[in-house]
Structure formats: structure tokens, C-alpha cells
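# Observations on chain architecture
Each chain, written out:
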Amino acid sequence: MNAPLPLIAGQFAQAVIEITPIGNGLINDTFLVTTASAPFVLQRINSRVFPNPGQITDNLITLNRHLEQKSGASIRLQIPELLNTTAGNPYYCDECGDYWRAISFIADTESLESITAMAEAGQAGFALGHFHRLVSDLDPLSLHDTLPGFHIAPGYLSRYHEVSGRAPAQASSTTSRYCAEFIEDLEHIADDLESAKQQGLLPLRIIHGDPKLNNFLFDKHGQKVVGIIDLDTVKPGLVHYDIGDCLRSCCHILETDEFDLAVCAALLESYLAEAGAFFSEHDYRYLYPAIRLIPFELGLRFYTDYLEGNCYFKVTEPEQNLQRAAQQFRLCASIIARESAIQSLIDQLKTR
Ligand code: GN1
Ligand code: MG
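### Some points on the overall build of the protein chain
When helices and strands are counted, the protein chain shows 12 helices and 13 strands. Against the 2.2 N^0.38 benchmark of 20 Å for 352 residues, the protein chain shows a C-alpha radius of gyration of 20 Å, consistent with a compact globule. Considering only C-alpha atoms, the protein chain reaches an extent of 55 × 50 × 40 Å along its principal axes. Within the protein chain, the fraction of its 352 residues that count as buried is 52%. Taking all contacts inside the protein chain whose residues are at least 6 apart in sequence as the whole, residues at least 24 apart take part in 72%. Accessible surface, the protein chain: about 15500 Å² in total, of which carbon and sulfur atoms supply 52%. Of note, the protein chain has its 26 positive side-chain charges centred 2 Å away from the centre of its 44 negative side-chain charges.

### A look at the site of ligand 1
Within the structure, ligand 1 sits among 15 residues, and Leu26, Asp210, Asp230, Arg301 and Tyr312 are positioned closest to it. In this structure, an oxygen atom belonging to ligand 1 sits 3.0 Å away from a side-chain N or O atom of aspartate 210. Contact with the protein chains removes 91% of the 450 Å² of surface that ligand 1 exposes when unbound. Among the elements that line the shell around ligand 1, the one with the most residues is helix H10 (residues 287-308), at 3 residues. Split by residue class, the shell around ligand 1 holds 9 nonpolar, 1 polar and 5 charged. Each of domain 1 (5-107) and domain 2 (111-351) accounts for three or more of the residues forming the shell around ligand 1.

### What about unusual backbone geometry?
Phi at histidine 151 is positive, roughly 65°, even though this residue is not glycine. The backbone phi angle of asparagine 310 is positive, close to 55°, even though this residue is not glycine.

### Quick look at the coordination of the magnesium ion (ligand 2)
The protein atoms that coordinate the magnesium ion (ligand 2) are Asp210 (OD) and Asp230 (OD), at distances spanning 1.9 Å. Taken as a pair, aspartate 210 in the loop between strand S8 (205-207) and strand S9 (216-219) and aspartate 230 in the loop between strand S10 (225-228) and strand S11 (235-237) lie far apart in primary sequence, 20 residues in all. Given a relative accessible area of 17%, aspartate 210 falls into the buried group. Residue classification places aspartate 230 among the partly exposed residues on the basis of a relative accessible area of 27%.

Reading guide: rules and limits
- Along each chain, residues carry numbers from 1 onward, in the same order as the chain's sequence is written.
- Lettering of chains starts at A and numbering of ligands starts at 1, both following the order in which they are written.
- For a predicted model such as this one, the threshold for reporting local features is a pLDDT of at least 70, and the threshold for listing and counting side-chain atom pairs is 80 or more; totals across whole chains, interfaces and linings nevertheless cover every residue.
- Excluded from the side-chain calculations are hydrogens and water; all other atoms, namely the structure's heavy atoms, are used.
- Helix and strand labels come from DSSP, where a helix needs a run of H or I of at least four residues and a strand needs a run of E of at least two; each type is numbered from the N terminus.
- Between the two quantities, the radius of gyration covers C-alpha atoms and the globule rule is 2.2 Å times the number of residues to the power 0.38.
- A simple rule labels every residue: compare its accessible area, found with a 1.4 Å probe on the protein chains alone, to the largest value its type can have, and call it buried under 20%, exposed over 50%, or partly exposed in between.
- Only heavy atoms matter for contacts: two residues are in contact if any of them lie within 4.5 Å across the pair.
- For the area figures, the Shrake-Rupley method with a 1.4 Å probe applies, and any residue is considered shielded solely by the protein chains shown.
- When charges are counted, neither His nor the chain ends are considered; positive counts come from Lys and Arg and negative counts from Asp and Glu.
- Each charge is placed at NZ for Lys, CZ for Arg, CG for Asp and CD for Glu.
- Here, proximity means that at least one heavy atom of the residue falls within 4 Å of the molecule or strand.
- The term polar contact refers here to a pair of N or O atoms within 3.5 Å; inside protein, the definition further demands a hydrogen-donor-capable atom paired with an acceptor-capable atom, and it admits residues adjacent in sequence only when both atoms are side-chain atoms.
- Three classes are used: nonpolar for Ala, Val, Leu, Ile, Met, Phe, Trp, Tyr, Cys and Pro, charged for Asp, Glu, Lys and Arg, and polar for all others, with Gly counted as polar.
- The split of the chain into domains comes from an automatic or database domain assignment.
- Any N, O or S atom lying within 2.8 Å of the metal counts as a donor, with the limit raised to 3.2 Å for Na, K and Ca; because water is left out of the atom set, some sites can appear incomplete.

Structure, rendered in C-alpha cells:
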């Protein structure tokens, strides 16, 4: 059992008034702590997922220092700052060995679970592009790899083959068969981005790692994105993982699991207006493969976790990761059905 929450929150601030769970992350536990002075966000880092939680705080410090060197006017996004414990440490390790860290709370903002207006899609694209631009002059190797194997699709595929070989029982339902067949049909795409990386066609850059819609903070009044959160996976990688991840979350029509082409157009256009300056011919060429791969990869990760007994992604019922996997695969199928439209959109944006 962990120490009581007030005791843990008390490591970071005096006069804690209230502690309430916030967000709906599938990995870490997150709380909003109200105090007599400024509120802050307290998180328990899931150490089954992040092998070296101290590296996450190191990276956040490096990132904040990098941004501090830039002139204020060039930064149009806030990112949370790390708050030290009252003893001056960047995190608190409790007696169970769990790491807790506190970050500043960006007030008067909200996060969205789905896009309801095109302006929101444009804002999400701007925010991701702006983030990539802000870190484009930071050496990718100055950050730790906080989660080795993250977004390495061929690695997820081999893990799936290992697990599915010894979990035939769960694989019998219709949804499970749909997932297994979908993977079999599409597994040839798993290596698309990694082989481009290995051939030197796509460079390592600094990525966010998890730029889904609800990690952008929208100003409550102005509908502009003013902040970006969930920086645990900011590390060296391919910006294509981020673009694919942002699009799979923003363009997902939840009722039908279809891919919204208009949202994709608005998002990519504003992304490229910010980040297009460093985009090469190859970066454009691998956009469609990335858009197709990331939902496939996430489906594969959910399905493997379902087969393994839900050890990675939090669930509230045992079939939830199976359902999540099927949703991602249906989204991926919808992307494939729109391949030529997505490709012509990319060609148009490239010639702007
Ligand atoms: C996890 O915990 P959360 O929701 O921020 C996962 C992402 C997935 C996402 C799907 C470190 O992020 O990769 O896209 O679930 N994060 C990690 O909801 O695996
Ligand atoms: Mg996350």
C-alpha cells in the first residue's frame, strides 16, 4: 500500500486543501492538488511501464531549459514546469518504490475528447507543429529514451506473435478473430517507418510521443491551444509517430470508427505551416504510411495487452482493450479506404 495521498502531496507543498483525480490517462495516476497557494498536478509514474522514472524528470528539466533560452515571443505554447519537493528533489519516491512528481497546473484551460469544429483541428495541427519547431534545434540525443521500444512497430508485432502463440483461448470471439485477421492482413506495414529510419530517409528528431487530442490544452475562452501536456514520452524519435498519433486521435469519428478527411486536411495544413520548413521530400513521402501505421500499431498494442491479461493499459472491464483494438483497426481500415484522397491532400499541401 502506498502512503496516503495527502502525505505524498505534502512532500511538494504545505497546506494541501484538496486532492482530486483528473484526466483519463491509461498509464499514470494523475491528481489535481489544491493548496493555500497555487494548485499543482501530482502524478504517480507507472514504473511497470517506465523503466527509469528519474529520466522523465531529467528530460522535462532539459526541455524547460531549452525553452527558457528562447525569446518569450517565439513561444506560443506553455508546457508544465517541474516542481521540486520541499526537500529540493525533482521527485518523491515512496516506501513502495513508486515515483511521484509534481508539475505546474495550467489554469483556465480545458482538453477536448473529440473535434467538433474545424478551427479546433487547425489549432491541434498548429500546436504539434509549433512543438516540433521549438525542439527542432535541441539535439535529440540530449534527451533520454524514457521508454525503449515505444512506437517501434516491428517490436510490437514480434511481441504479439509471442503472446498470441500462447493465448489461443481468448482468441475465439468474433471480435478477437477480426483483430487477429486484421493483423495478419496488415502485418507487412509494420516495418514502414523503422526501415525508412534505418535507411537514413527519416532523421531522429525530438518528439512528444503521445500528442493525442486531449493532451492539448485549449484556452477556455478563446478556443486556442495554449499548452501541451503529458511530456513523459518526449524523447528522440520520428515526427511521423507524432503526426500519425495526432491524426488517429483527432480524425477518429467515434460513432462509426471512420477517418475524418476534412479534419485531417485542416490539421495537416496548419501543422505544415508551422513545421513545413524542416520537411524534406522523404518526410512528405512517409506521411501516408505514418497515418496508416499508428492506428494499426495502437490496435496491435491494445490487442496484445488484452491477450496478455491487461497488464499495460488500465481497464474497467476485461474486454475493454479488445474493444479498443477493434476500434483502432476499423479506423485503420477507413484510412486505407481513403488512401487516394489522403495522398492527393498530401500532394496538394506539398506544392503550397
Ligand atoms: C497511453 O496514458 P495515456 O492515455 O496518456 C499510451 C499511448 C496511447 C494511449 C491511448 C506511454 O497514453 O501511447 O496512445 O494510451 N502511452 C504510453 O489512449 O504507452
Ligand atoms: Mg500519455
